[in-house]
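Tertiary structure, described
Now for the letters of each chain:
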Amino acid sequence: MNASDHNRWSEDLAAYLLGALDADEAATMERHLEGCERCQEEMRWLEPALQTLPEAVERQEPSPQLRQTLMAEVRADVREAESRSAPGRSRRWLLKPAMGFAVVALLVAGVVGYEVGNGGSDAGGKATTLERQVDGLAVKMVQEGESGTLQLSGVHQLPPDKVLEAWVEREGQVEAVPALFVPDRNGQAETRIADMNGVAVVMVTEEPQGGSDQPTGEPIMQMEVPS
Amino acid sequence: MAVRREKAERLADEELMPLVGRKDPEAFEVLYDRHGGAAYSLAYRIVGDRAAAEEVTQEAFISVWRSGARFDAARGSVRSWLLSVVRNRAIDFLRSRAGKAPKLTFDDDAALEARPAAERTEEEALHRETAAEVRGALGNLPGEQSKVIELAYFGGFSHSEIARILGLPMGTVKGRMRLGLEKIRGELAEGLA
């Protein structure tokens, strides 16, 4: 790359850091950054400037009620998690009205769409591969030992403020998969699920940067995992 | 098992995060007490009213509580990460509330100085000092540079939208963003030298 080419990327870097590039431009920049040490270095240099911006605002005091409300919700979560250990708990997210149809439809599709390869699901140390197609989205779940890799193909490009978040349902509980992920330029997206023990359903939704505490929209894909 | 509040207060943010990931309310409470003010201030700066700022702050902290394990220490401090979560939530809120114009002022010294002395802990004082330097750095930018940075960061506008708003070529907008951040960065580096 010559200096002129690099200047173009360099100019876009500040806009990228400020979240001011359009979705396609941001995706292009991210792909470039993956392979350009010079831009990575420039980004590391500029990031402290970006991080000072939220510190520059006029200080305001939140009301004490905000803290009380927040902690009440947090402690309610703890109590709910404790009560969930009891049998007969509800599958709260699966019963959300906005998602009900997609769940039913995809669970049915999952049953008829699986292809199981490479030795099935026995625990002999071999990888188990599940594949299916839904509305142009190819889903491949490779499970090896306790972990699994979820690979998606044909994913649309996301706005810069959105990420993909995977979820698993285990013993009736919905858990967020820690690593958020985004598709590459070819619409390929991949995330790792460290603990597949007891996972009955895997789902992916589009969420705001930083992820969500529970799915906020209809899944772009959902599949059952045979036990 | 939750750690005692006194113990949590002695831990660094990076040490609190694994505890938050394990759903320790005491660790989370300490995290809020350290950064809730900055988070709310940022949310208020972006959304422009108290009720909405509290809603955004609450949503952001709850998302951190329920996904705390996702913090990656290699990518920066807990505070920066947390504030980026707040910023994204606030921008989402702004975009969902069509027609809301962002505030574009930075005249906050008086409000900061008016804060009760009891709130000025050592850490708070450090943040205040840093913030004062930063405000200086931003205040030192030519207006044309600070304006595009504010529209992007606090207003959530894309460079093409900013170009349209200000009647400038897109290249000019991106160039001013770059120059502005470089200038802030340069001043920070000088301050550390």
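Residues numbered from 1 in each chain as written. Chains lettered and ligands numbered in written order. Predicted model: local features only at pLDDT ≥ 70, side-chain atom pairs only at ≥ 80, totals over all residues.

1. Concerning the overall build of chain B
Each helix and strand counted, chain B has 10 helices and zero strands in total. Taken from the N to the C terminus, the helices and strands of chain B come in the order α-α-α-α-α-α-α-α-α-α. In chain B, which comprises 193 residues, the proportion classed as buried is 43%. Within chain B, residue pairs in contact and separated by at least 24 positions form 60% of the contacts whose partners lie at least 6 positions apart. (Helix = DSSP H or I, 4+ residues; strand = E, 2+ residues; numbered from the N terminus. Buried ≥ 20, exposed ≤ 12 C-beta atoms within 10 Å, placed from the backbone. Contact = placed C-beta atoms within 7 Å.)

2. As for the environment of Ala39(B)
All names here are of chain B. Structurally, Ala39 can be placed in helix α3 (residues 25-47). In sequence terms Ala39 and Arg79 are 40 residues apart; their C-alpha atoms lie 9.0 Å from each other. Residues contacting Ala39, with those up to four places away along its chain left out, are Thr57, Ala60, Leu82, Leu83 and Val86.

3. Let's talk about the sheet that holds strand β9 (residues 221-224) of chain A
All names here are of chain A. Spatial ordering of the open sheet is given by β6-β5-β8-β9, a layout of four strands whose pairing is antiparallel. Every other strand in the sheet has two partners, leaving β6 (173-176) and β9 as the edge strands with one partner each. Pairs of neighbouring strands in the sheet enclose a mean axial angle of 20°, with direction left out of account. (Pairing = 2+ DSSP bridges. Axes fitted to C-alpha atoms, helices over the stretch in contact; angles between N-to-C directions.)

4. Some details on the packing of α3(B) against helix α5 (residues 78-96) of chain B
All names here are of chain B. Two elements in contact, α3 and α5, have axes whose closest approach is 9 Å; the angle formed by their N-to-C orientations is 30°. If you check the angle between α3 and α5, you find them roughly parallel. In the packing of α3 onto α5, the handedness of the crossing is right-handed. Here His35, Ala38, Ala39, Leu42, Ala43, Ile46 and Val47 of α3 come into contact with α5, specifically with Arg79, Leu82, Leu83, Val86, Arg87, Ala90, Ile91, Phe93 and Leu94. Residue composition of the contact of α3 with α5, grouped by class: 13 nonpolar, one polar and two charged. (Parallel < 35°, antiparallel > 145°, perpendicular 65-115°, else oblique. Left-handed = near helix turned anticlockwise from the far one by under 90°. Nonpolar A, V, L, I, M, F, W, Y, C, P; charged D, E, K, R; others polar.)

5. Some remarks on the environment of Gln188(A)
Residues and elements named next belong to chain A. In this structure, Gln188 sits in the loop between β6 and β7 (189-193). The exposure class assigned to Gln188 is partly exposed, which follows from the 13 C-beta atoms found within 10 Å. Along the primary structure Gln188 and Leu152 are separated by 36 residues, whereas in three dimensions their C-alpha atoms are 5.6 Å apart. In this structure, Gln188 is in contact with Ser153 and Pro183, ignoring residues within four places of it in sequence.

6. Observations concerning the confidence of the model for chain A
Mean pLDDT for chain A: 76, with 78% of residues reaching 70 or above. Low pLDDT (under 50) marks residues 88-124 of chain A, which in the prediction has 46 contacts with non-local residues, meaning those over four places away or in another chain. (pLDDT = per-residue confidence, 0-100.)

7. Observations concerning the interface of chain B and chain A
Taken residue by residue, the interface counts 62 residues in chain B and 48 residues in chain A. Looking at the side of chain B that touches chain A, the elements that each hand over two or more residues are α3, α4 (50-66), α5, α6 (109-113), α7 (122-139), α8 (143-153), α9 (159-166) and α10 (170-192) of chain B. Ranked by residue count, the leading element in the side of chain B that touches chain A is α3(B), at 12 residues. Along the lines of polarity and charge, the residues of the side of chain B that touches chain A split into 30 nonpolar, 17 polar and 15 charged.

8. Quick look at the confidence of the model for chain B
All names here are of chain B. Of the residues in chain B, 76% have a pLDDT of 70 or more, and the chain-wide mean is 79. Confidence, read as mean pLDDT per element, is least for α6 in chain B (31) and greatest for α3 (95). Across residues 100-130, confidence stays below pLDDT 50; counting only partners more than four residues off in sequence or on other chains, it has 30 contacts. Quick note on the complex model: pTM equals 0.59, ipTM equals 0.76.

9. Considerations on the pairing of strand β4 (residues 147-153) of chain A
All names here are of chain A. A one-sided burial pattern is seen for β4, the buried positions being Gly148, Leu150 and Leu152 and the unburied ones Ser147, Thr149, Gln151 and Ser153. The pairing of strand β3 (residues 137-144) with β4 spans seven bridges and is classified as antiparallel. What sits directly across from Gln143, in β4, is Gly148. The turn linking β3 back onto β4 is made up of two residues, and Gly145 within it adopts a positive phi angle of 65°. Sheet topology note: the β4/β7 ladder contains five bridges and is antiparallel. Bridging from a neighbouring strand, Leu150 pairs with Thr191 of β7.

10. Here we look at the nonpolar core
When a protein is soluble and globular, its nonpolar side chains tend to lie buried together. Leu18(A), Ala43(B), Val86(B), Ala152(B) and Met177(B) are the most contacted members of the largest nonpolar core, which has 68 residues in total. Take this core: its biggest share by element is 13 residues, from α3(B). Look past the residues within four positions of Ala152(B) in its chain and what remains in contact with it is Leu18(A), Gly19(A), Ala20(A), Phe157(B), Ile162(B) and Met177(B). Among the nonpolar cores identified, the runner-up in size contains 25 residues, and Met141(A), Ala166(A), Met221(A) and Val225(A) belong to it. (Core = buried A, V, L, I, M, F, W, Y, C linked by C-beta atoms within 7 Å.)

11. As for the packing of α3(B) against α4(B)
All names here are of chain B. The contact between α3 and α4 brings their axes to 8 Å, and the two run at 140°. Relative to α4, the element α3 lies oblique. Handedness of the α3/α4 crossing: right-handed. Residues Phe28, Tyr32, Gly36, Ala39, Tyr40, Ala43, Tyr44 and Val47 of α3 form the contact with α4, whose participating residues are Arg50, Ala52, Ala53, Glu54, Val56, Thr57, Ala60, Phe61 and Trp65. Residue classes in the contact of α3 with α4 are distributed as 13 nonpolar, two polar and two charged.

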